[in-house]
Amino acid sequence: MKKYGLYILLISMGILISYLILADFLKTSVKKRQGNPYAYNIEAFKKIDPDLVKYAEIRRIRLSLPDPVGINYHQGKLGIAYKHAIQLIDTLGREVFNQETGEVNTCVSFSPEGKMFLASGREIHQLDPQGTFTQSWKVDGEDPIITALAFKNNQVLAASAGQWKVLRFDEHGTLLDSFDGTGRLEGDYGFILPSPYFDMQIDPDGELWVANTGLLTLENYAENGTLRAFWGKPSFDVDGFTGCCNPVHFAILPDGSFVTSEKGLIRIKIHLPSGEFDCLVAGPEDFEEDSEPPDLAVDENGRIFVLDITRSMIRIYKRNNT
Amino acid sequence: MEKKIKSKAQKRREFIRTSTRLSLAVGLGGLTGLVLPETISGEWVWQIDPFECTQCGRCADECVMSPSAVKCVHAYDLCGYCDLCGGYFKPGVSDLNTAAENQLCPTSAILRRFIEEPFFEFTIDEDLCIGCGKCVKGCTSFGNGSLHLQIRHDRCLNCNQCSIARNCPSNAVKRVPADKPYQMKGDFSKS
Ligand code: SF4
Ligand code: SF4
Ligand code: SF4
């Protein structure tokens, strides 16, 4: 009888211990575990105030070649640089030409007369309207990565992200000089480029603007390479630039306003010529998770061509009520 | 004058690029050489692939060590030395200063040091870091992703079955050869 009671006690204890082990396992199993106690909710920053969006997407052009890297516009035509090709299309997506290239391309641009230029890392090429290469030149120096081309006074300006410099060439590719943005009043730092994004544009008044991404500013440079004006401020808010290096691309509208493209939290924004925030064109939720930051082009009517690199398409935006 | 300015700027840039590279080598390589022979018996050790890690927070709590053997490390070559560091500051801060309430890190393990206008250097106090990955998420989302998590082998017991590896939702913790115990960003790239 005594033995019988002992058996019952042992069995009861066994059941109790099994229950405790099972309950603990279920409570702490990976699936049941509470969420991340150290979570940093980035999603909250992706939400934007819809009242700030003053543009609508009016058309998409799916690209026919793989790996787009850059876009530019000139008189009804869009030049698209791909990693290993160059293409010219009209704004409805009809192809004028495409041409394979050996090198990895980095950007495409048009001179005011409509000459097409392509940069592929350390080389700059000029193409005729049929896509035939008419001249090419190498950029000397350590690690040039040409990420933008602009044209002023018959000169070709090349932004070299590898060298943290803007290089000036004559129209035949002879290097004239360069400047690195140093010599400003406070501090002697110049262009600071923590990542290989270094954009440059000429505004409607013929002024040169350069994106100094490490300082989160857009900067206007005089002919002699000295800083004349700048705007931009570090901020997580929509009126500033966030992260370590922004804006990674920009374009200038016919009225002198700036269209900017940011990496990290992808935002396409409009800033007035004074630099004051105007509105949003598109926000993070309009792009896929971990998208490459889009390159930009604008036409004479103020339409914005957003190169959605990750989705391999051009998305065309127009300001509401215009 | 222009030449002088340029050479000074050049020196500063060189300083930032090379001195930090060196500090990284001393910080990890040096430790590896000194500590590995004592702590690692086998030919394989556990390490985090920073390109696979999704900063789920489990590295802070799943390690058998307390605090975790996982620490935040910094690939200085990739860092922008930014004033507004997405890994250091809480979003929405109005003043970019080191006040505790401005810091994203729950243990204030990231030290912000002014180098020279406009550069700031960020270093990790490993005794304070619990490997939660919050700063990594901020740096990856807003910056260049230079902050990332690594298992520090001067603290890791090299358990037969790493408890973090068992629970990592991204399968980011893997065995790597003991003679190459770190998978630092900048040293190797996403395959
Ligand atoms: S458990 Fe895996 S995904 Fe989570 S923080 Fe650690 S390595 Fe990254
Ligand atoms: S935020 Fe987390 S991982 Fe980063 S330094 Fe602080 S404790 Fe370490
Ligand atoms: S092997 Fe052990 S000590 Fe090392 S990180 Fe994994 S659980 Fe922690």
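These remarks concern the structure in this document. Please read all numbers here as calculations on a predicted model, not as lab measurements.

1. Things to note about the interface of chain B and chain A
Okay, step 1: In this complex, chain B contributes 39 residues to the contact, which on the side of chain A involves 32 residues.
Okay, step 2: At the junction of chain B and chain A, the tally comes to six residue pairs in polar contact (both at pLDDT 80 or more).
Okay, step 3: For the side of chain B that touches chain A, the leading source of residues is helix 1 (residues 2–39) of chain B, giving seven residues.
Okay, step 4: Here the residues of the side of chain B that touches chain A sort into 16 nonpolar, 10 polar and 13 charged.

2. Some remarks on empty space enclosed by the protein
Residue and element names in this part refer to chain B.
Okay, step 1: Applying the stated criterion across every chain, the model contains five cavities of 30 Å³ or more.
Okay, step 2: Each pocket or cavity is described by its volume, and for the largest cavity that value is around 120 Å³.
Okay, step 3: Forming the walls of the largest cavity are 17 residues, and the residues nearest its centre are Cys79, Cys82, Cys85, Cys139 and Ser146.
Okay, step 4: In terms of residue class, the lining of the largest cavity is made up of nine nonpolar, eight polar and no charged.

3. Let's talk about the layout of surface pockets
All names here are of chain A.
Okay, step 1: Its boundaries defined by the atoms lining it, the second largest pocket holds a volume of some 800 Å³.
Okay, step 2: Taken together, 35 residues line the second largest pocket, and the ones lying closest to its centre are Asn72, Tyr73, Phe110, Gln201 and Ile202.
Okay, step 3: Listed by contribution, the elements that provide at least two residues to the lining of the second largest pocket are strand 2 (68–74), strand 6 (107–110), strand 10 (146–152), strand 14 (200–202), strand 18 (249–252) and strand 22 (295–298).
Okay, step 4: The residue makeup of the lining of the second largest pocket, split by class, is 21 nonpolar, nine polar and five charged.

4. Describing the site of ligand 1
Okay, step 1: Close to ligand 1 lie 14 residues; Cys53(B), Thr54(B), Cys56(B), Cys59(B) and Cys168(B) are nearest.
Okay, step 2: Class assignment of the residues belonging to the shell around ligand 1 gives a composition of nine nonpolar, four polar and one charged.

5. Here we look at the site of ligand 2
Okay, step 1: Residues in close proximity to ligand 2 total 14 residues, the closest being Cys105(B), Cys129(B), Cys132(B), Gly133(B) and Cys135(B).
Okay, step 2: Residues of the shell around ligand 2, tallied by class, amount to 10 nonpolar, three polar and one charged.

6. Focus: the packing of aromatic side chains
By convention here, two paired aromatic rings are described through the distance between centres and the angle between planes.
Okay, step 1: What the rule picks out here adds up to 14 aromatic pairs over all chains.
Okay, step 2: A ring pair is formed by Phe117(A) and Phe151(A), whose centres lie 4.9 Å apart and whose planes are at 45°; its orientation type is tilted. Here Phe117(A), found in strand 7 (residues 116–120), pairs with Phe151(A), found in strand 10; they are 34 residues apart in sequence, far enough to count as distant.
Okay, step 3: The class for Phe117(A) is buried, based on a relative accessible area of 3%.
Okay, step 4: Note on Phe191(A) and Tyr221(A): the rings are 5.2 Å apart at their centroids and 65° apart in plane angle, and the pair reads as edge-to-face. Of the two residues, Phe191(A) is situated in the loop between strand 13 (175–179) and strand 14 and Tyr221(A) in strand 16 (residues 217–221); the sequence distance between them amounts to 30 residues. An identical accessibility class is assigned to Phe191(A) and Tyr221(A); each is buried.
Okay, step 5: Each member of the aromatic cluster is reached from another via a ring pair, and the members are Trp209(A), Trp231(A), Phe241(A), Phe250(A) and Phe258(A).
Okay, step 6: For Arg112(B), the ring lying beneath its charged end belongs to Phe120(B), and the centroid distance is 3.7 Å.

About the thresholds
- Sequence order as written defines the numbering, with residues in each chain counted from 1.
- Throughout, the order in which chains and ligands are written sets their labels, letters from A for the former and numbers from 1 for the latter.
- Since the coordinates come from a predicted model, pLDDT governs what is reported: local features require at least 70, and pairs of side-chain atoms require 80 or more to be given and counted, while whole-chain, interface and lining totals use all residues.
- Where side-chain values are given, they derive from all heavy atoms of the structure, hydrogens and water being excluded.
- We call two residues in contact whenever any of their non-hydrogen atoms come within 4.5 Å of each other.
- Contacts described as polar in this section are N or O atom pairs within 3.5 Å, which, within protein, must combine one atom able to donate a hydrogen with one able to accept it, while residues neighboring in sequence count only if both atoms come from side chains.
- Helix and strand labels come from DSSP, where a helix needs a run of H or I of at least four residues and a strand needs a run of E of at least two; each type is numbered from the N terminus.
- Each residue is assigned to one class: nonpolar for Ala, Val, Leu, Ile, Met, Phe, Trp, Tyr, Cys and Pro, charged for Asp, Glu, Lys and Arg, and polar for all the others, Gly among them.
- Put plainly, a pocket is an open set of points on a 1 Å grid over the protein atoms alone with protein on both sides within 12 Å along at least five of seven lines, a cavity is a set where a 1.4 Å probe fits but cannot get out, and a lining residue has an atom within 4 Å of a point.
- Grid points are joined across faces, edges and corners, and a volume is the space filled by probe spheres set on the points.
- Nearness is defined per residue: one heavy atom within 4 Å of the molecule or strand is enough.
- When two rings of Phe, Tyr or Trp (its six-membered ring) have centres within 6.5 Å they constitute a pair, described as stacked for plane angles under 30 degrees, edge-to-face for angles over 60, and tilted for the intermediate range.
- Any residue under 20% of the maximum accessible area for its type is buried, any over 50% is exposed, and the rest in between are partly exposed; the area is computed with a 1.4 Å probe on protein chains only.
- Ring-over charges, as used throughout, are those where CZ of Arg or NZ of Lys falls within 6 Å of the ring centre and within 35 degrees of the ring normal.

Read these as geometric descriptors, not functional statements.
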